[in-house]
Amino acid sequence: MSGCPVCVTEALEWHLSTTLQRLEWMRMVPSTQITVSGVPPFSPNAALDQELKRFGKFASGFRTFWDKLDITIIIPGAATVTQPADMYSNFCKLKPLSPEEALEEHLVLESIAWPKTPPLPSPLSLNNTSDPAHSTFTILPGKRGEQWYIGDKLEVMIKMYDFQGRPKKSGGDVLLARLNNLTLGAGVAGHITDYLNGTYSAVFSLLWEGSAQVQVILVHPSEAVTELRRMNIEEPDRIFFKSQFRSSLFTRTTTCNVCLRPTEQPVCNYTDLHTGEPWFCYKPTNLSCNARISNYNGGYKKNLTTMEKLFQRGVNMKVSIPASGPASVTVLPKQKGQSEVSSSSGESEPSGYYYQGVWRALDGTTVHQFNTSSAITQCLKGKVVHMYGDSTMRQWFEYLNASLPDLKEFNLHSPKSIGPLMALDYANNIFVTHRAHGPPLRTVNVPSVELHYIANELDNVVGGSNTVVVFGIWAHFDNFPIEFYIRRLMSIRRAVVRLLSRAPGTVVVIRTGNPKSFTPSGAFVNSDWYTFQRLKVLKAVFKGFNVHLVDAWEMVLAHHLPHNMHPQPPIIKNMINVLLSYICPQKVE
């Protein structure tokens, strides 16, 4: 089929929907009336105008419709809330759940429960805390002694000691483990078991022939987890946000967050009417709650801890633990009769591994290699791809944009960090969008109208066999109570269920969080421990649903490149290959 009427229609409808959604921010008092007349064309882009001319009456009819558009919308008002006198006792407590949801939340919390960690004395001494330099790991003999074969398991025992060289007697340390061979471009994540007595094990699947080097990393000592937990309970607002309010006379700025500390100041309640997602701002003096125009990251509270000693790079944070003997093994070819390794046997199995720099999934998915722009184009031909989430999701949008010469991004004059972003390959009928998730979102000053919740966006997706929905939501939730994240995912899941009910052929893909580098102060908002807890929550909430996961956690952990919030191009390329393999399970040559 020549031309792209379906794709252009999608683009126009999508932008019309976006334009109308931008009116949501004007939640004025009930009965407020907004009239939208003579709306200008959705984009001044000359290239698109030229393409539209090719459709003759189709384009002309759409222009006539658009120019004559006259809509009246009734928008409910934002509420002003006066905080009760006992508000402090309810600080950052969320609304009650239904009995079914409360039970699910309880079971999720149980499934991710971290071992009890020790209380912290003040002043703190490192003497009794976990020390990676004194700790060791030891490769244990295999079932065939000192010989290992492809398909075997390699077990490593980890013994933790304190700074005085005494063995630890409790668990709760945060450890990462991987097996790799740089020459072969091979790597796989290990599964850690905590025996709650200072001893841990790391188990690896042996998946390639040749050398396999073990690496064990102490991310945080158990004592640091005590402080990280305290922070999320007592200081969930340590990252704070600001909103501007404006009238014809003046502008005011106030603090906003998921939960606000009690003051004498009234609060504007911006809880989403559809999803129930909470968001509040202190009400500005002499201005209505409906005068809010923008939102941005206000900053970070400082001097919240006296336990800085627990978060020292090169000392006790993201430091390798030495081996007490050999740190590597030689893996021999698989013996006859050995079964294939598969992750279906349990959660302790890896989701995949690298070999020759290429990710190979172990969940039954065949990961095809889309090494050329034409291969990617053939897979996405005729597809509409909607991406939602944080900047790690936008990284995928940017990768496709850079990889496909015929995919042209339109300048919608929207903030890059928020969106909406839109790209169109007219000839191949490919339409790709990206929009950031709703608050909390650490970003530059953006219009509050551009803050959209993923669940609401999904409810506006028609769906179908040519539609792909991709989302990743994790990096901006680390500093909040885990219950807040569980509820956000439950809300998104309900929208996913609705989408798949009305359009079962829709492909839904979720990107997980990943390990990253962070500074000592950054640990309190970006710790891998926070991210790992949310990874487990995401997997639990979407378990058994018709969605696909791109396990970014393991894909970063197993790779030899340094951990980064935004993984380097070789890792992103492999992630995109997994995504495209879900979209095109039978690769189009």
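Residues numbered from 1 in each chain as written. Predicted model: local features only at pLDDT ≥ 70, side-chain atom pairs only at ≥ 80, totals over all residues. Heavy atoms only, no water.

Draft legend 1. Up close: the overall build of the protein chain. Within the protein chain, the secondary structure is distributed over 13 helices and 28 strands. Residue burial in the protein chain is summarised as follows: out of 589 residues, 53% are buried. In the protein chain, once contacts between residues fewer than 6 apart in sequence are set aside, the share between residues at least 24 apart is 77%. As displayed, the protein chain offers around 25,200 Å² of accessible surface, 55% of which is attributable to carbon and sulfur atoms. (Helix = DSSP H or I, 4+ residues; strand = E, 2+ residues; numbered from the N terminus. Buried < 20%, exposed > 50% of the residue type's maximum accessible area, 1.4 Å probe, protein only. Contact = heavy atoms within 4.5 Å. Areas by Shrake-Rupley, 256 points an atom, 1.4 Å probe, with all protein chains shown as cover.)

Draft legend 2. A look at the side chain of Arg442. Inspection of the secondary structure puts Arg442 in the loop between strand S24 (430–436) and strand S25 (446–447). At 3.5 Å, the side chain of Arg442 and the side chain of Asn479 are in polar contact. Not counting residues within four places of it along the chain, the set of residues in contact with Arg442 comprises Ile239, Phe241, Asn297, Tyr300, Ala475, His476, Phe477, Asp478, Asn479, Val525 and Asn526. (Polar contact = N/O pair within 3.5 Å; in protein donor to acceptor, adjacent residues only side chain to side chain.)

Draft legend 3. Representation of the pattern of salt bridges within the structure. One pass over the structure, following the stated rule, counts 23 salt bridges. Of the charged contacts, one joins Glu105 and Arg487 as a salt bridge, the two residues approaching to 3.1 Å between their closest N and O atoms. Pair noted here: Glu105 is in helix H4 (residues 99–111) and Arg487 is in helix H9 (residues 482–502), with a separation of 382 residues, a long-range link. By relative accessible area, Arg487 is classed as buried at 17%. (Salt bridge = Lys/Arg side-chain N within 4 Å of Asp/Glu carboxyl O.)

Draft legend 4. Focus on the environment of Ile571. Mapped onto the elements, Ile571 comes out in helix H13 (residues 569–583). Residue classification places Ile571 among the buried residues on the basis of a relative accessible area of 1%. Remark: the alpha-carbon pair of Ile571 and Met555, spanning 16 residues in sequence, is separated by 7.1 Å. If we skip the residues at most four places from it in the chain, Ile571 touches Tyr354, Met555, Val556, His559 and Leu561.

Draft legend 5. Spatial organisation of the sheet that holds strand S6 (residues 153–162). Taken in spatial order, the 4 strands line up as S4-S6-S10-S9 in an open sheet, and their pairing is antiparallel. Whereas interior strands pair on both sides, the edge strands pair on one side only; in this sheet they are strand S4 (130–139) and strand S9 (191–194). Within this sheet the neighbouring strands show an average axis-to-axis angle of 25°, counted without direction. (Pairing = 2+ DSSP bridges. Axes fitted to C-alpha atoms, helices over the stretch in contact; angles between N-to-C directions.)

Draft legend 6. Broad picture of the pairing of S6. Here S6 shows one buried face, formed by Leu154, Val156, Ile158, Met160 and Asp162, and one open face, formed by Lys153, Glu155, Met157, Lys159 and Tyr161. Bridge count for S6 against strand S10 (residues 199–205) is 7 bridges, and the pairing is antiparallel. Note on S10: the bridge partner recorded for Lys153 is Ser205.

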